[in-house]
Amino acid sequence: MKNYKLQNDDIKKIIELNGGCIATDRITVEGMKIGYMYRENPTYENDSGWRFFEGTEDELYTNNPDNFSIFDLNTICNYDKSIIPYLNKPIGTKLEKNNDEFKEVID
């Protein structure tokens, strides 16, 4: 059982968007801010396609599915409100935080 930084009573309704997302334990268990986010084609019902990382997770970390959980998008916004202005970006968007501001990553 994971010990999340925010409990159900801590989660407030702060966005109107609905949908699930995937976030690493660095954010939800360790309480670190989001440093990298991307949006892919949804992989399950009600999936927003958003994936959130602290930004320093290496391949060993990301290859372990136990380091990820599915959350409501609103829940992750409660962990880091700085992502809210970007949530309507289209599938294929990749954003990296640089000096407290997200910038689009160009492949």
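As a starting point, this report considers the structure included with it. (Residues numbered from 1 in each chain as written. Predicted model: local features only at pLDDT ≥ 70, side-chain atom pairs only at ≥ 80, totals over all residues. Heavy atoms only, no water.)

A few points about the overall build of the protein chain
Defined as follows: A run of H or I in DSSP counts as a helix once it spans at least four residues, and a run of E counts as a strand once it spans at least two, with each numbered from the N terminus. Radius of gyration here uses only the C-alpha atoms, and the compact-globule reference equals 2.2 Å multiplied by the residue count raised to the power 0.38. For each residue, the accessible area found with a 1.4 Å probe, counting protein chains only, is set against the maximum for its type, and the residue is called buried under 20%, exposed over 50%, and partly exposed in between.
Within the protein chain one finds three helices and six strands. Along its sequence from the N terminus, the protein chain presents helices and strands in the succession β-α-β-β-α-β-α-β-β. For 107 residues, the compact-globule formula gives about 13 Å, and the C-alpha radius of gyration of the protein chain, at 13 Å, lands near that figure. For the protein chain, the C-alpha atoms occupy an extent of roughly 35 × 35 × 30 Å along the three principal directions. Residues classed as buried in the protein chain amount to 40% of the 107 residues present.

Overview of the nonpolar core
Stated formally: By convention a nonpolar core is built from buried Ala, Val, Leu, Ile, Met, Phe, Trp, Tyr and Cys residues, the set being connected through side-chain atoms within 4.5 Å. The contact definition used throughout considers only heavy atoms, calling two residues in contact when any of these lie within 4.5 Å.
Ile34, Met37, Trp50, Phe52, Ile76, Ile83 and Leu87 are the most contacted members of the largest nonpolar core, which totals 18 residues. The set of elements that each furnish at least two residues to this core consists of strand 1 (20-24), strand 3 (47-53) and helix 3 (73-79). Per-element accounting of this core gives the leading share, four residues, to helix 3. Residues within four places of tryptophan 50 in sequence aside, it is in contact with Cys21, Ile22, Met37, Tyr38, Arg39, Leu73, Tyr86, Leu87, Lys89, Thr93 and Leu95.

Concerning unusual backbone geometry
With a phi angle near 55°, asparagine 99 is a residue other than glycine that sits in the positive phi range. Within the secondary structure layout, asparagine 99 lies in the loop between strand 5 (94-98) and strand 6 (101-104). For asparagine 99, a relative accessible area of 72% gives the class exposed. Positive phi, normally seen in glycine, also occurs at aspartate 100, with a value near 65°. Counting through the fold element by element, aspartate 100 comes out in the loop between strand 5 and strand 6.

Details of the sheet that holds strand 6
Going by this rule: Pairs of strands are assigned from DSSP output, requiring at least two bridges between the strands. Helix axes use the C-alpha atoms of the stretch in contact, all axes being lines fitted to C-alpha atoms, and the angles between their N-to-C directions lie in the range 0 to 180 degrees.
Here we have six strands laid out as an open sheet, ordered 4-1-3-2-5-6, and mixed in their pairing. On the outer flanks of this sheet lie strand 4 (68-72) and strand 6, each paired with one strand and no other. Across the sheet, the mean angle separating the axes of adjacent strands is 25° when strand polarity is ignored. With four bridges joining them, strand 2 (residues 36-39) and strand 3 adopt antiparallel strand pairing.

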